[in-house]
Amino acid sequence: MSPSPTLQIRQLSHVYPNGTRALDQIDLEIPRGMFGLLGPNGAGKSSLMRCLATLQIPSAGSIRFGDIDVLAEPERIRATLGYLPQDFGVYPRVSAIDMLDHLAVLKGIAARGERRETVQALLQQVNLWEVRKRPIAGFSGGMRQRFGIAQALIGNPRLIIVDEPTAGLDPEERNRFNNLLAEIGESVVVILSTHIVDDVTDLCSRMAILVNGRIVAHDTPGALIRSLEGRVWTRSVDKQELPEYRKQFEVIATRLRGGQTQIHVLADAAPDPRFEPVPGGLEDVYFATLYRERQAAGSPTQAA
Ligand code: ADP
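Residues numbered from 1 in each chain as written. Predicted model: local features only at pLDDT ≥ 70, side-chain atom pairs only at ≥ 80, totals over all residues. Heavy atoms only, no water.

### Considering the site of the ligand
In the region of the ligand, 13 residues are neighbours, and Gly42, Gly44, Lys45, Ser46 and Ser47 sit closest. Ala43 places a polar main-chain atom, nitrogen or oxygen, 3.1 Å from an oxygen atom of the ligand. With respect to the ligand, the side chain of Ser47 contributes an N or O atom lying 2.6 Å from an oxygen atom. Its free accessible area being 560 Å², the ligand has 63% of it covered by the protein chains. In terms of residues, the shell around the ligand owes the most to one element, helix α1 (residues 45-52), which gives four residues. Of the residues belonging to the shell around the ligand, the class tally is four nonpolar, seven polar and two charged. (Near = heavy atom within 4 Å. Polar contact = N/O pair within 3.5 Å; in protein donor to acceptor, adjacent residues only side chain to side chain. Areas by Shrake-Rupley, 256 points an atom, 1.4 Å probe, with all protein chains shown as cover. Helix = DSSP H or I, 4+ residues; strand = E, 2+ residues; numbered from the N terminus. Nonpolar A, V, L, I, M, F, W, Y, C, P; charged D, E, K, R; others polar.)

Laid out in structure tokens, this is it:
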């Protein structure tokens, strides 16, 4: 199989019938590998994922995947697309192996022998072979998500879209699921939509931040982290001092630590000698971006 082409999104906008502008002139180039789309709830992540998965027709713009014009030829992209929606819907009392076989029929693998091989290989890949005869309804959250990836991988897709896959998973399940994604991401385009910063840090070679339907940052995690180098400072303060600090400084995040409130402030130099520099991390990049966007929107500066 030739390497996956780049996904090109140009001037993509979507307005729902009630007037909500969920996507506002999105431009993105997404090459092979794991791409993280990070944004708070309501940012437009699912709207974008649904447009890419051809489940929703955007109001304007274009999407290309290699020589496929996604909006004009949805059936061509569907043949090479794997989609794990945020909510996989009802979980039937059908065994994992029967369900996957059924989904493989729907995806067009008609030959019984080929289907048996595909289903077996996928169940092994996502580590559900041992439990293949158990009903999916009884699976844990992590097992369901791994089943979701198995169904998304039917037919060797070259574009895989996963919408908030680790929400609700415990740390061990999340780790297992992420390792599986990382393996897949070596050869195809995988877009991971999430509000969990650590998922992007751990997995993604490129990323974008989506806020209010707009892309407000787009680079490698490393480059975004470097752009904040030496500009994030921390100190602990008493809770009642917090409003005053918010007034004086760009407080991008507050965190409770050992009963004390630790604040993170954006500034070119230490605001006062009690502040210490913070080594850069993606979480601060994300919080600083959200802070700036809220400021620009003129809303009260409630830090994360
Ligand atoms: P996210 O996935 O980042 O949480 P969504 O794409 O679900 O964001 O939502 C983006 C915006 O569009 C939100 O303001 C949401 O309320 C709105 N929205 C989502 N789906 C619909 C819909 N079917 N009709 C109207 N508004 C919607």
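Moving on from the coordinates now.
### Some remarks on the sheet that holds strand β6 (residues 81-84)
Two modes of strand pairing occur in sheets, parallel and antiparallel, and in both the strands are linked by backbone hydrogen bonds. Pairing is mixed in the open sheet, where six strands are placed in the order β6-β7-β8-β3-β9-β10. Single-partner strands in this sheet number two, and they are β6 and β10 (214-219). Taken over all neighbouring pairs, the strand axes of this sheet differ in orientation by 15° on average, direction set aside. In the sheet, β6 pairs with strand β7 (residues 159-163) via four bridges, with the strands oriented parallel. From the neighbouring strand, Leu81 faces β7, where its bridge partner is Leu159. Sheet strands touched by α1: β3 (33-38), β6, β7, β8 (189-194) and β9 (206-211). Its angle to β8, the strand with the most contacts, is close to 155°. Against the sheet, helix α6 (residues 171-184) contacts β3, β6, β7 and β8, and its axis sits at roughly 150° relative to β8. (Pairing = 2+ DSSP bridges. Axes fitted to C-alpha atoms, helices over the stretch in contact; angles between N-to-C directions. Contact = heavy atoms within 4.5 Å.)

### A look at the domain arrangement of the chain
Here the chain is partitioned into domain 1 (1-80 + 159-219), domain 2 (88-156) and domain 3 (226-297). Computed from C-alpha atoms alone, the centre-to-centre distance between domain 1 and domain 3 is 29 Å. With 11 residues of domain 1 at the interface, the matching set in domain 3 holds seven residues. For the pairing of domain 1 and domain 3, the buried interface totals around 800 Å² over both sides, and the portion due to carbon and sulfur atoms is 78%. Joining domain 1 to domain 3, the criterion identifies one salt bridge. Glu293 is paired through a salt bridge with Arg214; the nearest N and O atoms lie 3.0 Å apart. Viewed at the interface, domain 3 and domain 1 are joined by one residue pair in polar contact (both at pLDDT 80 or more). Among the elements of the structure, α7 (197-203), β9 and β10 are those that each provide at least two residues to the side of domain 1 that touches domain 3. The residue inventory of the side of domain 1 that touches domain 3, partitioned by class, reads eight nonpolar, two polar and one charged. (Domains from an automatic or database assignment. Buried area = accessible area lost by both parts, 1.4 Å probe. Salt bridge = Lys/Arg side-chain N within 4 Å of Asp/Glu carboxyl O.)

### Concerning the packing of helix α3 (residues 96-106) against helix α5 (residues 141-152)
Remark: α3 packs on α5, axes separated minimally by 10 Å, with the N-to-C direction vectors making an angle of 30°. When the axis of α3 is compared with that of α5, the two are roughly parallel. With respect to the hand of their crossing, α3 and α5 are arranged in right-handed fashion. Along the contact surface, α3 presents Ala96, Met99, Leu100 and Leu103, while α5 presents Phe147, Ala150 and Gln151. When grouped by side-chain class, the residues that make up the contact of α3 with α5 number six nonpolar, one polar and no charged. (Parallel < 35°, antiparallel > 145°, perpendicular 65-115°, else oblique. Left-handed = near helix turned anticlockwise from the far one by under 90°.)

### Some words on the nonpolar core
Ranked by internal contacts, the top residues of the largest apolar core, which has 55 residues, are Ile149 and Leu181. The dominant element in this core, judged by the number of residues it contributes, is helix α10 (residues 282-297), at seven residues. Grouped together as the second largest cluster of nonpolar side chains are 28 residues, Leu28, Leu37, Ile68 and Leu210 included. (Core = buried A, V, L, I, M, F, W, Y, C linked by side-chain atoms within 4.5 Å. Buried < 20%, exposed > 50% of the residue type's maximum accessible area, 1.4 Å probe, protein only.)

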